[in-house]
Amino acid sequence: MENSLKNQAAIAGVGQTRYSKESGVSELSLASEAVANCLEDAGLAPGEVDGMVSYTLDSSDEIEVAQCVGIGDLNMFAKINYGGGAAVGLIQQAAMAIASGVCNNVVVWRAMNGRSGRRMGQGTGQQIVSSDLIHWSWYQVYGMLTPASWVAMIAHKYMHTYNVPNDTLASVATTQRQFAVSNPAAFGYQKPMSTEDYYHSKMVSYPLRVFDCCQETDGGCALLITSTERAKSLKQTPAVIRAVTQASVQGQEQMTSFYRDDIASLPEMEYAAKRVYAMSGLGPDDIDAACLYDAFTTEIVMQLESFGFCGRGEAKDFIADGHIGPGGRLPNNTHGGLLSEAYIHGVNNIAQAARLIRGNAVNQPDKTVDHVLVSSGVGVPTGALILGRD
Amino acid sequence: MQTAGRIKPPMTADNGWWWEQAAQQVLAIQRCTSCETLRHPPRPMCNRCRSLQWDFIAASGRGTLASYTVLEHPQFPGYQYPIAIALVELEEGERITAQLVGIEPDDITFGMPLQVSFQADPDGFVLPVFEPAEEN
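Residues numbered from 1 in each chain as written. Chains lettered and ligands numbered in written order. Predicted model: local features only at pLDDT ≥ 70, side-chain atom pairs only at ≥ 80, totals over all residues. Heavy atoms only, no water.

## What about the overall build of chain A?
No. 1: In terms of helices and strands, chain A carries 13 helices and 11 strands.
No. 2: The globule rule puts the C-alpha radius of gyration for 390 residues at 21 Å, and the 19 Å found for chain A is close to it.
No. 3: Along the first, second and third principal axes, the C-alpha set of chain A runs to 55 × 45 × 45 Å.
No. 4: In chain A, which comprises 390 residues, the proportion classed as buried is 64%.
No. 5: A separation threshold of at least 6 residues defines the contact pool for chain A, and within that pool the share at least 24 residues apart is 76%.
No. 6: On chain A, roughly 13200 Å² of surface is accessible, and the fraction owed to carbon and sulfur atoms is 46%. (Helix = DSSP H or I, 4+ residues; strand = E, 2+ residues; numbered from the N terminus. Rg over C-alpha atoms; globule rule 2.2 N^0.38 Å. Buried < 20%, exposed > 50% of the residue type's maximum accessible area, 1.4 Å probe, protein only. Contact = heavy atoms within 4.5 Å. Areas by Shrake-Rupley, 256 points an atom, 1.4 Å probe, with all protein chains shown as cover.)

In structure tokens:
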């Protein structure tokens, strides 16, 4: 792959706020705290930061965060679109800036009062942020107002096509909760979830129950990206970016890609997989752990196939065999993920991946973790990232 | 179904015509006048030949159920729950998303034949819905 970003940059700092259901502070406060903690973690002075990237959905302007944290001259500032689809897109933007020489140190973040403020799961209503009003209107008019309502259509088709039982979804939910139970930062800390609990949770949009849906969280999470060389001189073990890409394909919509040929798979995620494997020279067998985007349990099931960990229709067996749980072939979201740690729009999943590479993550697997795969929001324009250890 | 709170589509040059047809009980499918490719949802340009010229055909309204969901929670004012939503494979080959009425959620099956009908809200807003049909 020409113009490869392989090994050019690394995640050198990780910072977060407390994750809660009511922060009591502004989103700008959360963003600033997360960024400041990230720079402290890396051992980098705020004045050294020269690039900033966040989500179009983030309410805090770069310059406001810069004022709070004491960041000075900036060469690049950008916001990435498509909700959680932005997640690793932030990393790509930062890596491009570093590889091209535009920036030396880029901080990326997402901070939101996702429970006490604007709740994604409570519907788009008239307050939709996207400019694509017409797109959403085809669904809103019938009452499809939530991500769950849009995601359910493809998820149900997939489950019908490959005879995936509801137990597979229950297994994803309870497995990730099992990780969260021992993560003090997680919503699910010391709150186990049984299969029975799962089936007692309220139906949202068939086949998705409340426990198939991610948390709604107040909190912020930030990452520092710098050159791989510079990262080695900072405080932490660098999580080197082996490959990163954004990914959108023909017929792409935002969770409503109902009109293309195959509606029982995730073509944009397959495209992301192809790109990151080609860029890194790695394959599914080289991936030791994953932080797959998990706004909904079904997204984990489908992505296991998109990224080639098993064949089409085989994810239900892969999961039943325990491969995504503790001690499994591919421990997935060992912090609890968006389902059971916090919903910081995927940035907290990237943070966990960087910590897995450092070797000091919560629930660090009892094996060598050389490569971790991370993905962005599912069913939207998305992306993938592979982090590695030098 | 009731109307208070139903979120109406913004009527723009790209979609307003479709709703005007629906108001006349026509299920329209946009068609490129240059290469005759059908497309739904409507957009201003044909992605096969780049033509900006288009008209539409009236769909037969017959199709089959490609996928579905049943909305139960959260519940918004202006809609009555549960709401079954169908992804319909129209016999013209295009797919469309619409409410499925006239059937209990437990009786819905993949592939079942469907037929369009038009439902008018008390305020006069008309929208296409689908209901079970005899075999096509």
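## Quick word on the sheet that holds strand β9 (residues 289-291) of chain A
Residue and element names in this part refer to chain A.
No. 1: The 9 strands lie next to each other as β3-β2-β4-β7-β1-β8-β11-β10-β9, forming an open sheet whose pairing is mixed. The sheet is open, and its two edges are formed by β3 (76-80) and β9, each paired on a single side. Averaged over neighbouring strand pairs, the angle between their axes works out to 25° when direction is ignored. (Pairing = 2+ DSSP bridges. Axes fitted to C-alpha atoms, helices over the stretch in contact; angles between N-to-C directions.)

## So, the interface of chain A and chain B
No. 1: Between chain A and chain B, the contact holds 35 residues from the first and 39 residues from the second.
No. 2: Where chain A meets chain B, there are 1 salt bridge.
No. 3: Across the pair R43(B) and E253(A) runs a salt bridge whose closest N-O atoms are separated by 3.0 Å.
No. 4: Our count for the contact surface shared by chain A and chain B stands at 17 residue pairs in polar contact (both at pLDDT 80 or more).
No. 5: Among the secondary structure elements, those contributing two or more residues to the side of chain A that touches chain B are α4 (133-140), α5 (147-161) and β5 (203-205) of chain A.
No. 6: Within the side of chain A that touches chain B, the residues separate by chemical class into 16 nonpolar, 14 polar and 5 charged. (Salt bridge = Lys/Arg side-chain N within 4 Å of Asp/Glu carboxyl O. Polar contact = N/O pair within 3.5 Å; in protein donor to acceptor, adjacent residues only side chain to side chain. Nonpolar A, V, L, I, M, F, W, Y, C, P; charged D, E, K, R; others polar.)

## A look at empty space enclosed by the protein
No. 1: As enumerated under the stated definition, the model contains 3 cavities of 30 Å³ or more in all.
No. 2: Estimated volume of the largest cavity: approximately 150 Å³.
No. 3: Lining the largest cavity are 15 residues, with V151(A), I154(A), L266(A), V378(A) and G379(A) sitting closest to its centre.
No. 4: Taken together, the elements giving at least two residues each to the lining of the largest cavity come down to α5 and α10 (297-306) of chain A.
No. 5: Reported here for the second largest cavity is a volume of approximately 50 Å³.
No. 6: Lining the second largest cavity, in full, are G143(A), L145(A), T146(A), S149(A), V204(A), S205(A), L71(B), E72(B), H73(B), P74(B), F76(B) and Y81(B).
No. 7: By residue class, the composition of the lining of the second largest cavity is 6 nonpolar, 5 polar and 1 charged. (1 Å grid on protein atoms, 1.4 Å probe; cavity = no way out; pocket = protein on both sides within 12 Å on 5 of 7 lines; lining within 4 Å. Points joined across faces, edges and corners; volume = space filled by probe spheres on them.)

## Describing the side chain of R110(A)
All names here are of chain A.
No. 1: Inspection of the secondary structure puts R110 in strand β4 (residues 105-113).
No. 2: Overall, the relative accessible area of 3% leaves R110 in the buried class.
No. 3: At 2.8 Å, the side chain of R110 forms a polar contact with the side chain of H345.
No. 4: In this view, R110 contacts S54, Y55, L57, D58, G219, G220, C221, I344, H345 and V347; residues no more than four positions away in its chain are not counted.

## Quick notes on the environment of M52(A)
Residue and element names in this part refer to chain A.
No. 1: Considering the arrangement of structural elements, one finds M52 in strand β2 (residues 51-55).
No. 2: Of the residues examined, M52 reaches a relative accessible area of 0% and is grouped as buried.
No. 3: When the C-alpha positions of M52 and V240 are compared, they lie 19 Å apart, and in sequence the two are 188 residues distant.

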